[in-house]
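# Residue-level structure breakdown
Below, each chain spelled out in residue letters.
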Amino acid sequence: MTDAKAPAKSGFGPTFDINDVLRQLPHRFPFLLVDRVLEYEPGKSIRALKNVTYNEPFFVGHFPHRPVMPGVMIIEALAQAAGILAFRTADIVPNENTRFYFVGIDKARFRKPVEPGDQLILKATLTRQVKGIWKFETVAEVGGSEVASAEMLVAPGMTS
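Anyway, here's the lowdown on the structure attached to this text.

Assignment of secondary structure puts Lys50 in strand β2 (residues 45-51). Residues in contact with Lys50, not counting those within four places in the same chain, are Leu32, Leu33, Asp35, Glu56, Asp118, Gln119, Leu120 and Leu122.

On to the side chain of Gln80. Mapped onto the elements of the fold, Gln80 is located in helix α2 (residues 71-89). Judged by its relative accessible area of 1%, Gln80 is buried. Within polar-contact distance, the side chain of Gln80 engages the backbone nitrogen of Leu33 at 2.8 Å. If we ignore the near neighbours within four places in the chain, the residues touching Gln80 are Leu25, His27, Phe31, Leu32, Leu33 and Val34.

For the largest pocket, the calculated volume is near 190 Å³. Along the walls of the largest pocket sit 13 residues, with His27, Ala79, Phe100, Tyr101 and Phe102 positioned nearest its centre. Looking at the lining of the largest pocket, the elements with two or more residues in it are α2 and β3 (98-110). Of all the elements, α2 adds the most residues to the lining of the largest pocket, at 5 residues. Across the lining of the largest pocket, the residue classes break down as 8 nonpolar, 3 polar and 2 charged. What the second largest pocket holds in volume is close to 160 Å³. As for the second largest pocket, its lining consists of Ile18, Leu22, Phe29, Pro30, Phe31, Leu32, Asp35, Lys50, Thr53, Asn55, Glu56 and Pro57. Tallied by class, residues from the lining of the second largest pocket come to 7 nonpolar, 2 polar and 3 charged.

With that settled, the discussion passes to the nonpolar core. Core analysis: the biggest nonpolar cluster contains 41 residues, and Met69, Leu120, Leu122 and Phe136 have the highest contact counts within it. At the level of secondary structure, the elements contributing two or more residues to this core comprise β1 (36-41), β2, α2, β4 (119-130), β5 (133-142) and β6 (145-158). Counting residues per element, this core draws most heavily on α2, which supplies 12 residues. In contact with Met69, not counting residues within four places along its chain, are Val52, Phe58, Phe59, His62, Ile74, Val114 and Leu120.

Compared with an ideal rise of 1.5 Å per residue, which puts 19 residues at 27 Å, α2 spans 27 Å between its outermost C-alpha atoms and is within 8% of the ideal. Among the 19 residues of α2, 16 are classified as buried, and the element is accordingly described as predominantly covered. Remark: Asp91 follows α2 within two positions and exhibits a positive phi of approximately 55°.

Definitions and cut-offs
Residues numbered from 1 in each chain as written. Predicted model: local features only at pLDDT ≥ 70, side-chain atom pairs only at ≥ 80, totals over all residues. Heavy atoms only, no water. Helix = DSSP H or I, 4+ residues; strand = E, 2+ residues; numbered from the N terminus. Contact = heavy atoms within 4.5 Å. Buried < 20%, exposed > 50% of the residue type's maximum accessible area, 1.4 Å probe, protein only. Polar contact = N/O pair within 3.5 Å; in protein donor to acceptor, adjacent residues only side chain to side chain. 1 Å grid on protein atoms, 1.4 Å probe; cavity = no way out; pocket = protein on both sides within 12 Å on 5 of 7 lines; lining within 4 Å. Points joined across faces, edges and corners; volume = space filled by probe spheres on them. Nonpolar A, V, L, I, M, F, W, Y, C, P; charged D, E, K, R; others polar. Core = buried A, V, L, I, M, F, W, Y, C linked by side-chain atoms within 4.5 Å. Expected span 1.5 Å × (residues − 1).

So, in structure tokens, the structure goes:
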């Protein structure tokens, strides 16, 4: 655990539970893919958790004989963790009009399958912030082994 602190006015600390995650992300079931933030340091990095359960809606069809979490869902979970870091770095608690949009992905790699019962550790590090585009290095791990990684770009946006 780091000694990182969120800005005092927000009420968030260096970790937060599902209730804090729900305040920080616009996603809801079945698309909310972050259960808890284990640690973060605004402007630097985040480490979050996704408990992968057999009840996930995507397991019904991917694959029924051997359930495997789709790679695109792992990438989305990483993007959500990066989004939390972006919101915390910008000291924003989103409302219905604020968003960070996933705008690019590079060097995505999938190394091992993720199955029901796994705890997916989501890591994102902010590497660059230029002209409203934020670049993150992301890694997903299960049991200390890397299962996926990608470079991601996100950008703030407003909905009308």
